[in-house]
Amino acid sequence: MLIEEQYTNTILHADALDINVLPPSCSDVIITSPPYNVGVEYSKENKDSDALFYEEYISKFTDTWLHNCYHWGKEQARLCVNVFFDNPRGGRTLMVGDINRQALKQGWQFRSIIFWTKSNGRRTCWGSWKSATAPNIVQACEAILIYHKGEWKRKGGTSDIEGEEFKNWTHGIWDFRSEVASNIGHPAPFPYELPKRLIKLFSFKEDIVLDPFMGSGTTALAAGALGRKYIGIEKEKEYINLARNRLGLHLGA
């Protein structure tokens, strides 16, 4: 048995900042949306976990999990990271650029960016209403950064993407609705459509898909439904239970 197989189709109660959670080279594709550092209360025990000083968030938190993912990725692994474009807390900073810098530092090679436009995105802040004094620009979209480890072109495997899907999804602007937190029971879930597209576009059916910030289990749900194996890491026990319940309901896992 390959060493990574003992970890597949499981969600580990662990921290993505701990490199020893998984063995090296255990995943083919990594799909995740890390905490955005915007003050979301993921845990009542640690209410400030998503409210770090920005420099600490980038140079310590982000740098560490990107390093660990590089360690966990096989040669020719792909990394797909869903993030905000800018940092709305403590001054306006191009967060997507800072995360990209840390990814390159850790050895990841940049491939592309996908713009996810939220069909149900709403504006909630206009700044100086009807005045040039200080208007706020609010994006109803997020970024999905695509990286690879080693060569981009992978050896052949079994693909299951349809022709129309391939044509539509290789266009770098995706338009679908965001997920409603209250429908899932997690404060920051992403929609099923996001990992579904990334899995079909960037992985083979034999692949292992890793999400180091598993949350409510959506990446695992999509991977399992599409015939891939999955590995999840989640440090909050509440969300592990939620993810396992969702997997059991939809996949019988």
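Look up: the structure comes first, before these words.
The following paragraphs examine the structure supplied in this document. What you see is a predicted model; the values in this text were computed from it and never measured.

A few words on the packing of helix 1 (residues 54-72) against helix 2 (residues 95-105). Following both chains from N to C, one finds helix 1 and helix 2 inclined at 40°, their axes separated by 9 Å at the closest point. Of the possible angle classes, the one that applies to helix 1 and helix 2 is oblique. Viewed along their axes, helix 1 and helix 2 form a crossing whose handedness is right-handed. Contacts between helix 1 and helix 2 involve Tyr 54, Tyr 57, Ile 58, Ser 59, Thr 62, Asp 63 and Leu 66 on the former and, on the latter, Met 95, Asp 98, Ile 99, Arg 101, Gln 102, Ala 103 and Lys 105.

Turning our attention to unusual backbone geometry. Phi is positive for Asn 9, which is not a glycine, with a value near 55°. Summarising the element assignment, Asn 9 is placed in the segment before strand 1 (10-13). The class for Asn 9 is partly exposed, based on a relative accessible area of 41%. The phi torsion at Gln 76 lies on the positive side, around 75°, for a residue other than glycine. Positionally, Gln 76 belongs in strand 3 (residues 73-83).

Most of helix 6 (residues 218-225) is tucked away, with six of its eight residues classed as buried. Within the sequence span of helix 6, burial applies to Thr 218, Thr 219, Ala 220, Leu 221, Ala 222 and Ala 223. Of the residues flanking the end of helix 6, it is Gly 227, one or two places downstream, whose phi is positive at about 80°.

This brings us to the packing of helix 5 (residues 193-202) against helix 6. In the contact formed by helix 5 and helix 6, the axes pass within 9 Å of each other and the chain directions differ by 45°. With respect to helix 6, the axis of helix 5 lies oblique. Helix-helix and strand crossings are classified by hand; for helix 5 and helix 6 the assignment is right-handed. In contact with Pro 195, Lys 196 and Ile 199 of helix 5, helix 6 contributes Thr 218, Thr 219, Ala 222 and Ala 223. Looking at side-chain class alone, the contact of helix 5 with helix 6 contains four nonpolar, two polar and one charged residues.

Right, let's get into the sheet that holds strand 7 (residues 208-211). The strand order across the open sheet formed by eight strands is 1-8-7-2-3-5-4-6, and the pairing between neighbours is mixed. Edge positions in the sheet fall to strand 1 and strand 6 (173-176), since each has one partner strand and no second. On average, adjacent strands in this sheet sit at an angle of 20° to one another, irrespective of strand direction. The pairing of strand 3 with strand 5 (residues 141-148) spans six bridges and is antiparallel. Residue pairing in the sheet places Leu 79 in a bridge with Tyr 147 of strand 5. With respect to the sheet, helix 1 is in contact with strand 2 (27-32), strand 3, strand 7 and strand 8 (229-234), its orientation differing from that of strand 3 by roughly 145°. Its contacts with the sheet put helix 2 on strand 3, strand 4 (109-118) and strand 5, and the angle it makes with strand 5 is roughly 10°.

We now examine the nonpolar core. Among the nonpolar cores identified, the biggest contains 32 residues, and Leu 22, Trp 72 and Ile 233 are the most heavily contacted of them. Considering each element in turn, this core owes the most residues, eight residues, to helix 1. Sequence-distant contacts of Ile 233, defined by excluding residues within four places in its chain, comprise Leu 12, Ala 14, Asp 15, Ala 16, Val 21, Leu 22, Trp 72, Leu 210, Asp 211, Pro 212, Phe 213 and Met 214. Ranked by size, the runner-up nonpolar core spans 29 residues in total, among them Trp 169, Leu 198, Phe 202 and Ala 220.

Summed over all chains, the structure comprises ten aromatic pairs. Here Tyr 57 and Phe 61 contribute two aromatic rings whose centre-to-centre distance is 5.6 Å and whose plane-to-plane angle is 20°, an arrangement assigned as stacked. Separated by four residues within a single helix, Tyr 57 and Phe 61 lie in helix 1, roughly one turn from each other. Classification of Phe 61 by relative accessible area gives buried; the value is 14%. With a centroid separation of 5.8 Å and 70° between ring planes, the pair formed by Phe 110 and Tyr 147 is classed as edge-to-face. With Phe 110 in strand 4 and Tyr 147 in strand 5, this residue pair connects regions lying 37 residues apart in the sequence.

Parameters at a glance
- Residues numbered from 1 in each chain as written.
- Predicted model: local features only at pLDDT ≥ 70, side-chain atom pairs only at ≥ 80, totals over all residues.
- Heavy atoms only, no water.
- Axes fitted to C-alpha atoms, helices over the stretch in contact; angles between N-to-C directions.
- Helix = DSSP H or I, 4+ residues; strand = E, 2+ residues; numbered from the N terminus.
- Parallel < 35°, antiparallel > 145°, perpendicular 65-115°, else oblique.
- Left-handed = near helix turned anticlockwise from the far one by under 90°.
- Contact = heavy atoms within 4.5 Å.
- Buried < 20%, exposed > 50% of the residue type's maximum accessible area, 1.4 Å probe, protein only.
- Nonpolar A, V, L, I, M, F, W, Y, C, P; charged D, E, K, R; others polar.
- Pairing = 2+ DSSP bridges.
- Core = buried A, V, L, I, M, F, W, Y, C linked by side-chain atoms within 4.5 Å.
- Phe/Tyr/Trp six-rings, centres within 6.5 Å; stacked < 30°, edge-to-face > 60°.

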